Amino acid sequence: MPIVCEPRDRAEHLIRSVDGHVVAADSLAVAAQLLERDPRETLVVIGPDAPMPEVLGFASALRVSRPAAGVVLARDYVDVTLLTKALQAGIREVVPADDLEAIGAACRRSRDLSRRMLAAAGTDDRAPSAGREGEIVTVFAAKGGSGKTTLATNLGVVLSQGGRLRVCVVDLDLAFGDVAITVQLDPVRTIVDALPMAGHVDTTGAASLLTRYRQGIEMLLAPVTPGDAEKIPPKLVGELLAVLRGMFSYVVVDTPAQFSEHVLTAMDASAHHVLLSTPDVPAVKNLRVTLDMLDMLSYPKEIRSVVLNRSDSKVGLTAEQLERAVRSPIVAHVPSSRAVPISINQGTPITLGNPGHPVSQAITRFAEEYLLGGPATHADRQPRGRRGRRSA
Ligand SMILES: Nc1ncnc2c1ncn2[C@@H]1O[C@H](COP(=O)(O)OP(=O)(O)OP(=O)(O)O)[C@@H](O)[C@H]1O
Ligand SMILES: [Mg+2]
C-alpha cells in the first residue's frame, strides 16, 4: 500500500489524492519502518510539513536501497532551488500541495515507472547485476537505406529471446529516426526528455525515457520535433548508454548514415560494431571507407561484424568480390525479400511476425553466432573504445 507521510490533519487531503488504499505515517521515520515491512511497496507521498533536509536524506537513501520505489513530494511553495535539490536526491516529482489532481497524476506516473523498472528486473534471468553489465551493439552503415533500422529492430527482437532477456533499442538517428514508426510506437517520450538530466542520469531517469514495445523490449526513441536533434550533446548519449548498459542485457543502437560525434560515442561504448552494406558499388565503397575510419580510430577489429543485406540481389557483385573489396569477411548474408517492407508497413519486425522466413533465419543465426554468447564470454565483451576515449 502506498505510504502517505504527513503529520497533521492535512494527511486526509493527501490521502484522497492517491488512488486506492494508502497507509499513513506521521513522520519519515515511521514511513521508513512501513517501507521495511512491505518490501514490495513502491510509492511514498511526502506532505508539505516534513522538514526538507529530512526529506532529502530519506529520498537519497531510498534511491540506493530501493531504486524502483518513488517519492512524490507535495509542497506549499515550489521554487527552482527546491526543485534542484529534490531532483538531486532522486525525488520523482514535486507538486503543489493544494493541487489534488496534480498529486494524483504524479503518483500514477511514479507507480507506472516503478512497475516498468520492476518488470525490467524481473523478466531477465541474465539481467546485468553487480560486476556484469550488458553489451552495446551499434548497427552502422555509411550509406542511407542499407537496412540499419530493419536490422536494429529485428536484432532487438531476436536478442530478447522471447522476453527472457532485457533489450533496449536506442534510436540514435536523431534527425530522421524511424524506429518508432517501424514498430508503430507513439513517441510520447524521447531522448529529448533526457536533456534536464544531463550530468546526473540514473536508472530511474533513464527508465522514465523508455517506451515499452513488448515483453523484454524497451525503446529509447528519437526526437520528433524538427531542431530537437541538435539539442542532444554527444556526452549525454554516452551517459545514457552507460546507464542503459547497467539495466539491460543488450542495448542495440540504430544510427544515422553518417559518422557523427553521437555515433562515435556509441561506437566507443560498444562491445559489437555491426557494419552493414548492400551489394552495390557505392555501398561497398562506403563500407570500405567506414572500415578504414574505424582502423584509423583504433577500434579493435575483433568486435566488428560485416553483414551483407539484400545479399541475393542480382546486381553483378558476388560475395567474394565484396569481401575482396572491403578486405573483411562477411559474417552474415541477409537475403532480399518483399516480406521486409511488408513487415515494416505492418509494424511487426519480420523476426517476430515470421520467424521462419529466410530473412529472419539469417538475422537470428547472426545474433546467435556473433552476439548472444554464453555467460563465460559475456563478461569479456566489454567496450573497448578508441584509444584515449574509452567510455566509462
Ligand atoms: N533484406 C531486405 N529485403 C528487402 N527490403 C529491405 C531489406 N532490408 C531493408 N529493406 C528495405 O529497405 C528500406 C531501407 O531500410 P532501413 O530503413 O532499414 O534502412 P536504413 O539504413 O535504416 O535507412 P536510413 O539510412 O534512411 O535510416 C526499407 O524500405 C526496408 O523495408
Ligand atoms: Mg534508419
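Counting starts from 1 at the beginning of each chain's written sequence and moves along it residue by residue. Naming scheme: in the order in which they are written, chains are lettered from A and ligands are numbered from 1. Totals for whole chains, interfaces and linings use all residues, but because this is a predicted model, local features are given only for residues with pLDDT of at least 70 and pairs of side-chain atoms are given and counted only at 80 or more. The side-chain numbers reported here are obtained from all heavy atoms of the structure, hydrogens and water having been left aside.

### Let's talk about the sheet that holds strand 6 (residues 135-140)
- Sheet architecture is open: 8 strands sit in the order 8-9-7-10-6-11-12-13, paired in mixed fashion. On the outer flanks of this sheet lie strand 8 (211-214) and strand 13 (330-334), each paired with one strand and no other. Each strand axis lies, on average, 25 degrees off the axis of its neighbour in the sheet, ignoring direction.
- Of the pairings in the sheet, the one linking strand 11 (residues 272-277) to strand 12 (residues 304-309) comprises 5 bridges and is parallel in character. What sits directly across from Ser277, in strand 12, is Leu308.
- Here, two residues are considered to be in contact whenever any of their heavy atoms come within 4.5 Å of each other. Whenever a helix is involved, its axis is fitted only over the stretch in contact; in every case the axis is a line through C-alpha atoms, and angles between N-to-C directions fall within 0 to 180 degrees. What counts as a helix is a DSSP run of H or I of at least four residues, what counts as a strand is a run of E of at least two, and both are numbered from the N terminus. Contacting strand 6, strand 10 (250-254) and strand 11, helix 10 (residues 261-269) crosses the sheet at an angle of about 140 degrees to strand 6.
- Together, strand 6, strand 11 and strand 12 form the strand contacts of helix 11 (residues 281-296), whose direction differs from that of strand 11 by roughly 155 degrees. Two strands make a pair as long as DSSP finds a minimum of two bridges between them.

### Observations concerning the layout of surface pockets
- Here a cavity is any set of points on a 1 Å grid over the protein atoms alone where a 1.4 Å probe fits but cannot get out, and a pocket is any open set with protein on both sides within 12 Å along at least 5 of 7 lines; a residue lines the site when it has an atom within 4 Å of a point. Grid points are joined across faces, edges and corners, and a volume is the space filled by probe spheres set on the points. As a volume, the largest pocket reaches approximately 810 Å³.
- If you trace the largest pocket, you find 33 residues lining it, with Leu87, Arg92, Glu93, Met197 and Ser208 closest to the centre.
- At the level of secondary structure, the elements contributing two or more residues to the lining of the largest pocket comprise helix 3 (52-65), strand 4 (70-75), helix 4 (80-89), strand 5 (93-96), helix 5 (100-122) and helix 8 (203-209).
- Ten residues, namely Ala, Val, Leu, Ile, Met, Phe, Trp, Tyr, Cys and Pro, are considered nonpolar, four, namely Asp, Glu, Lys and Arg, are considered charged, and the remaining ones, Gly among them, are considered polar. Here the lining of the largest pocket is built from residues that sort into 16 nonpolar, 8 polar and 9 charged.
- For the lining of the largest pocket, the two domains that each supply at least three residues are domain 1 (3-122) and domain 2 (135-378).
- The space that makes up the second largest pocket amounts to roughly 430 Å³.
- For the second largest pocket, the lining is made up of 24 residues, of which Gly145, Ser146, Gly147, Lys148 and Thr150 are closest to its centre.
- If one sorts the elements of the lining of the second largest pocket by residue count, helix 6 (residues 148-159) sits on top with 4 residues.
- A class-by-class count of the residues in the lining of the second largest pocket yields 10 nonpolar, 10 polar and 4 charged. Domain extents, as shown, originate in an automatic or database domain assignment.

### Here's the deal with the domain arrangement of the protein
- When the domains of the protein are assigned, the result is domain 1 (3-122) and domain 2 (135-378).
- Just the C-alpha atoms count here: the centres of domain 1 and domain 2 sit 38 Å apart.
- What counts as buried area is the accessible surface, traced by a 1.4 Å probe, that two parts surrender upon association, with contributions from both included. A buried area of about 790 Å², summed over both sides, lies between domain 1 and domain 2, and 57% of it is on carbon and sulfur atoms.
- Note on definitions: salt bridges are taken to be side-chain nitrogens of Lys or Arg within 4 Å of carboxyl oxygens of Asp or Glu. Applying the counting criterion to the domain 1 and domain 2 interface returns 1 salt bridge.
- The residue Arg63 makes a salt bridge to Asp202 at a minimum N-O spacing of 2.8 Å.
- We define a polar contact as two N or O atoms separated by no more than 3.5 Å, with the added condition that, inside protein, one atom must be a possible hydrogen donor and the other a possible acceptor, whereas residues neighbouring each other in sequence contribute only through side-chain atom pairs. Across the domain 1-domain 2 interface, the total number found is 1 residue pair in polar contact (both at pLDDT 80 or more).
- Top element by residues in the side of domain 1 that touches domain 2 is helix 5. It accounts for 5 residues.
- Within the side of domain 1 that touches domain 2, the residues separate by chemical class into 6 nonpolar, no polar and 3 charged.

### With respect to the side chain of Arg75
- By secondary structure assignment, the location of Arg75 is in strand 4.
- For the exposure calls, accessible area comes from a 1.4 Å probe over protein chains only, and a residue counts as buried if that area is under 20% of its type's maximum, exposed if over 50%, partly exposed in between. In summary, the charge assignment counts Lys and Arg as positive and Asp and Glu as negative, without counting His or the chain termini. Although Arg75 is buried, it makes no salt bridge; Glu6 carries the closest opposite charge, 6.6 Å away.
- Residues in contact with Arg75, not counting those within four places in the same chain, are Gly47, Pro48, Asp49, Ala50, Pro51, Met52, Val55, Leu82, Val94, Val95, Pro96 and Ala97.

### Re helix 4
- The complete set of buried residues in helix 4 reads Leu82, Ala86 and Ala89. Projection of helix 4 onto a plane perpendicular to its axis shows the buried side chains occupying an angular sector of 65 degrees, all on one side. Facing away from the buried side of helix 4 by over 90 degrees, the exposed positions are Val80 and Gln88.
- Residues of helix 4 that are buried make contact with helix 3, strand 4 and strand 5. This arc is built from the directions going out from the helix axis to the C-beta atoms.

### Section: the pairing of strand 12
- Along strand 12, 6 of the 6 residues are buried, which leaves the element largely enclosed by surrounding structure.
- Convention used here: a crossover is right-handed provided that the path from the first strand, over the helix, to the second strand proceeds clockwise when the strands point away from the viewer. With helix 11 bridging strand 11 and its parallel neighbour strand 12, the resulting β-α-β unit is right-handed.
- Bridge analysis of strand 12 against strand 13 gives 4 bridges, and the strand direction is parallel. By the bridge assignment, Asn309 is partnered in strand 13 with Val334.

### Notes on the sheet that holds strand 1 (residues 3-5)
- One open sheet holds the 5 strands; their spatial order is 2-1-3-4-5, and the pairing between them is parallel. Among the strands making up the open sheet, the edge pair consists of strand 2 (23-25) and strand 5. When the angles between neighbouring strand axes are averaged without regard to direction, this sheet yields 20 degrees.
- Bridge count between strand 1 and strand 2: 3 bridges; the pairing is parallel. Considered in strand 2, the bridge of Cys5 is made with Ala25.

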